[in-house]
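One-letter residues, chain by chain:
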Amino acid sequence: NAGGQDAKNLRVKLVLLGDSGVGKSCIVLRFVRGQFDPTSKVTVGASFLSQTIALQDSTTVKFEIWDTAGQERYAALAPLYYRGAAVAVIVYDITSPESFSKAQYWVKELQKHGSPDIVMALVGNKADLNEKREVAVQDGTEYAEKNGMFFIETSAKTADNINELFEDFVDYAT
Ligand code: GTP
Ligand code: MG
């Protein structure tokens, strides 16, 4: 649209879920500030950040991001954050099969208790640690496909696929 008269300000409410240590906060920090923190501290409760990206035609998409705490003691808080979300990003660490099991737990929890129209993505993070990989790409792909989810492997450390992850959700902006 050459005139730009359809420019809009859209937003996407997004929640990140997954085991402690998989890199949720690092993914958000990479997307929002372009940084990586190798000494990232565990999240307490949850933290909120937002980031606005510009599309063609001056349309902007504001991502409103709830970064939840993965430690078990905070699990009961999760519904507070995923209930209002349009998109749930469920993260595991490709070097940790336990974290992949935990991701499957979150998928099931959202299928049972989440909004029926929530869009889910499965993310295998720490893709830079390929030599320590214990979850095959195919395992992630197949699980996501079976459950109607997006799938992507990312690295918050190298920034690989971080912008691509969020760009997948532009279509769900309202
Ligand atoms: P909780 O807040 O406890 O739920 O954990 P979290 O999922 O937010 O983990 P966090 O982002 O704090 O990262 C945990 C550790 O993993 C930190 O030491 C990070 O530096 C490291 N890390 C995160 N992402 C990556 C990555 O892509 N590659 C590598 N090599 N390390 C990463
Ligand atoms: Mg965190």
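The coordinates are above.
The notes below deal with the structure included here. (Residues numbered from 1 in each chain as written. Chains lettered and ligands numbered in written order. Predicted model: local features only at pLDDT ≥ 70, side-chain atom pairs only at ≥ 80, totals over all residues. Heavy atoms only, no water.)

**A short note on the side chain of T154**
Among the structural elements, T154 can be located in the loop between β6 (150-153) and α5 (162-167). Here the side chain of T154 touches N125 through a polar contact of 2.9 Å, side chain to side chain. With near-sequence residues (within four places) excluded, T154 lies in contact with I27, V123, G124, N125, K126, A127, D160, N161, I162 and L165. (Helix = DSSP H or I, 4+ residues; strand = E, 2+ residues; numbered from the N terminus. Polar contact = N/O pair within 3.5 Å; in protein donor to acceptor, adjacent residues only side chain to side chain. Contact = heavy atoms within 4.5 Å.)

**A short note on the sheet that holds strand β1 (residues 9-17)**
Strand pairing in a sheet relies on backbone hydrogen bonds, with the paired strands running either antiparallel or parallel. Here six strands make up an open sheet; going across it, the order is β2-β3-β1-β4-β5-β6 and the pairing mixed. The outermost strands of the open sheet, each flanked by one partner alone, are β2 (46-54) and β6. On average, each strand axis in the sheet is tilted by 25° relative to the strand beside it, whichever way the strands run. Contacting β1, β2, β3 (60-68), β4 (87-93) and β5 (119-125), helix α1 (residues 24-33) crosses the sheet at an angle of about 155° to β3. The sheet contacts of helix α4 (residues 137-146) involve β4, β5 and β6, and relative to β6 the element is tilted by about 160°. (Pairing = 2+ DSSP bridges. Axes fitted to C-alpha atoms, helices over the stretch in contact; angles between N-to-C directions.)

**Considering the pattern of salt bridges**
Within this structure, the stated rule accounts for five salt bridges. The residue R11 makes a salt bridge to E64 at a minimum N-O spacing of 3.2 Å. On the criterion of sequence distance, the pair formed by R11 in strand β1 and E64 in strand β3 is long-range, its members being 53 residues apart. The closest approach of N and O atoms between K62 and E64, which form a salt bridge, is 3.9 Å. (Salt bridge = Lys/Arg side-chain N within 4 Å of Asp/Glu carboxyl O.)

**So, the packing of aromatic side chains**
In total, this model carries ten aromatic pairs according to the counting rule given. Consider the rings of F31 and F63, whose centres lie 5.5 Å apart with planes at 85°: the pair is edge-to-face. Separated by 32 residues along the polypeptide, F31 in helix α1 and F63 in strand β3 bring together distant segments of the chain. Neither residue differs from the other here; F31 and F63 are each classed as buried. Look at F63 and F166: their rings are 5.7 Å apart centre to centre, the planes differ by 80°, and that puts the pair in the edge-to-face class. You can see F63 sitting in strand β3 and its partner F166 sitting in helix α5, a full 103 residues away along the chain. By relative accessible area, F63 is classed as buried at 0%. (Phe/Tyr/Trp six-rings, centres within 6.5 Å; stacked < 30°, edge-to-face > 60°. Buried < 20%, exposed > 50% of the residue type's maximum accessible area, 1.4 Å probe, protein only.)

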